[in-house]
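Analysis of the macromolecular model
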Amino acid sequence: MPKREAKPKPVNYDLIPEANEAYKLLGEVRDKWHGDLYGAKIALAFRKRLKCDKDGILMLGRCVRVGDLQKEFAPFDFIIILNRDVWQDIGFDKKKKFALLDHELCHAALSLDKDLERKTDEKGRTVYHVRKHDIEEFRSVVEHHGCYKADLVKFAESLLKKRQAPLLEAMEKVAEQINSGALDSKNVKCTAKAVTQ
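This report concerns the structure included in the present document. From a predicted model like this one, the values you see are computed outputs, not experimental measurements. (Residues numbered from 1 in each chain as written. Predicted model: local features only at pLDDT ≥ 70, side-chain atom pairs only at ≥ 80, totals over all residues. Heavy atoms only, no water.)

The terminal C-alpha atoms of helix α4 (residues 94-107) lie 20 Å apart, and with 14 residues this matches the ideal 20 Å at 1.5 Å per residue to within 8%. Within the span of α4, buried status applies to Lys-97, Phe-98, Leu-100, Leu-101, Glu-104, Leu-105 and His-107. (Helix = DSSP H or I, 4+ residues; strand = E, 2+ residues; numbered from the N terminus. Expected span 1.5 Å × (residues − 1). Buried < 20%, exposed > 50% of the residue type's maximum accessible area, 1.4 Å probe, protein only.)

Looking now at unusual backbone geometry. Residues other than glycine predominantly adopt negative phi, and peptide bonds predominantly adopt the trans conformation. If you check the backbone angles, Arg-49 has positive phi at about 55° while not being a glycine. Its location among the elements puts Arg-49 in the loop between β2 (42-47) and β3 (61-65). Its relative accessible area of 41% is what places Arg-49 among the partly exposed residues. A positive phi angle, close to 65°, is found at Leu-116, a residue other than glycine.

For any two helices packed against each other, one specifies the crossing angle of their axes together with the interaxial distance. With their axes 9 Å apart at the nearest point, helix α1 (residues 21-33) and α4 run at an angle of 65° to one another. The chirality of how α1 crosses α4 is right-handed. Touching Glu-21, Ala-22, Leu-25, Leu-26, Glu-28, Val-29, Arg-30 and Trp-33 of α1 are Lys-94, Lys-97, Phe-98, Leu-101, Asp-102 and Leu-105, all from α4. Of the residues in the contact of α1 with α4, the class split is eight nonpolar, no polar and six charged. (Axes fitted to C-alpha atoms, helices over the stretch in contact; angles between N-to-C directions. Left-handed = near helix turned anticlockwise from the far one by under 90°. Contact = heavy atoms within 4.5 Å. Nonpolar A, V, L, I, M, F, W, Y, C, P; charged D, E, K, R; others polar.)

This paragraph deals with the layout of surface pockets. Taken as a whole, the largest pocket spans an internal volume of roughly 1400 Å³. The wall of the largest pocket is formed by 28 residues, among which His-103, His-133, Asp-134, Ile-135 and Phe-155 lie closest to the centre. Sorting the residues of the lining of the largest pocket by element identifies α4 and α6 (150-179) as the ones contributing at least two each. For the lining of the largest pocket, the class distribution of residues is twelve nonpolar, four polar and twelve charged. (1 Å grid on protein atoms, 1.4 Å probe; cavity = no way out; pocket = protein on both sides within 12 Å on 5 of 7 lines; lining within 4 Å. Points joined across faces, edges and corners; volume = space filled by probe spheres on them.)

The next point concerns α1. What sets the pattern is the α-helix's 3.6 residues per turn: residues three or four places apart point alike. Taking 1.5 Å of rise per residue, 13 residues should cover 18 Å, and α1 covers 19 Å from first to last C-alpha, within 8% of that figure. Residues of α1 that are buried make contact with β2, β4 (78-83), α3 (84-87) and α4. The opening residue of α1, the one whose side-chain oxygen lies 2.8 Å from the backbone nitrogen of Ala-22, is Asn-20. (Polar contact = N/O pair within 3.5 Å; in protein donor to acceptor, adjacent residues only side chain to side chain.)

For β4, a buried count of five out of six residues is recorded, marking the element as mostly surrounded by other parts of the structure. Sheet topology places β2 next to β4; six bridges connect them, and they run parallel. Bridge pairing in β4 links Arg-47 to Asn-83. Examined bridge by bridge, β3 and β4 share five bridges and lie antiparallel to one another. Bridging from a neighbouring strand, Val-64 pairs with Ile-79 of β4. (Pairing = 2+ DSSP bridges.)

Before going further, it helps to examine the side chain of His-107. Within the element layout of this structure, His-107 appears in helix α4. Within the local environment of His-107, its side chain forms a polar contact with the side chain of His-103, the two groups lying 3.2 Å apart.

So, in structure tokens, the structure goes:
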């Protein structure tokens, strides 16, 4: 019986070349929101052929801290792994890419010593760690019990603040038009302001 030709083992990761648009977006996100990571060396890689997990969750990205042994071979502090199929999907626009990179950079954190100074290793390299999410909760628990702990309350406040911003901006534009006389000729003045409790 003839021997069947062995199928090559699939390689599930590809390093993203530095000329790729993803590095430009990473730089913009770092400049805008993550100045504490200016010295960090961050590589990007695509993860291919990802499927949903048993709970139906599809990984969009993951931030991995490079360990001491790996640093001996490649000078990176973090590798951000991006789901290639999602990243390259036409519906995953620049705004969504920004949000994903922002999320992954939130995981990348400086390690500080007891004096709150930047921690370094014996080779003089800055030490980093992977930060956990601000909240860990199930939607159904919040539906059953509300915001029962401080991290949920802060998260809910951030959502409400962001949700109100577009409405407030629209109200401010209308107020400007009224005050300039564009919508009313009776010298009516108005203001728009957010009310928080």
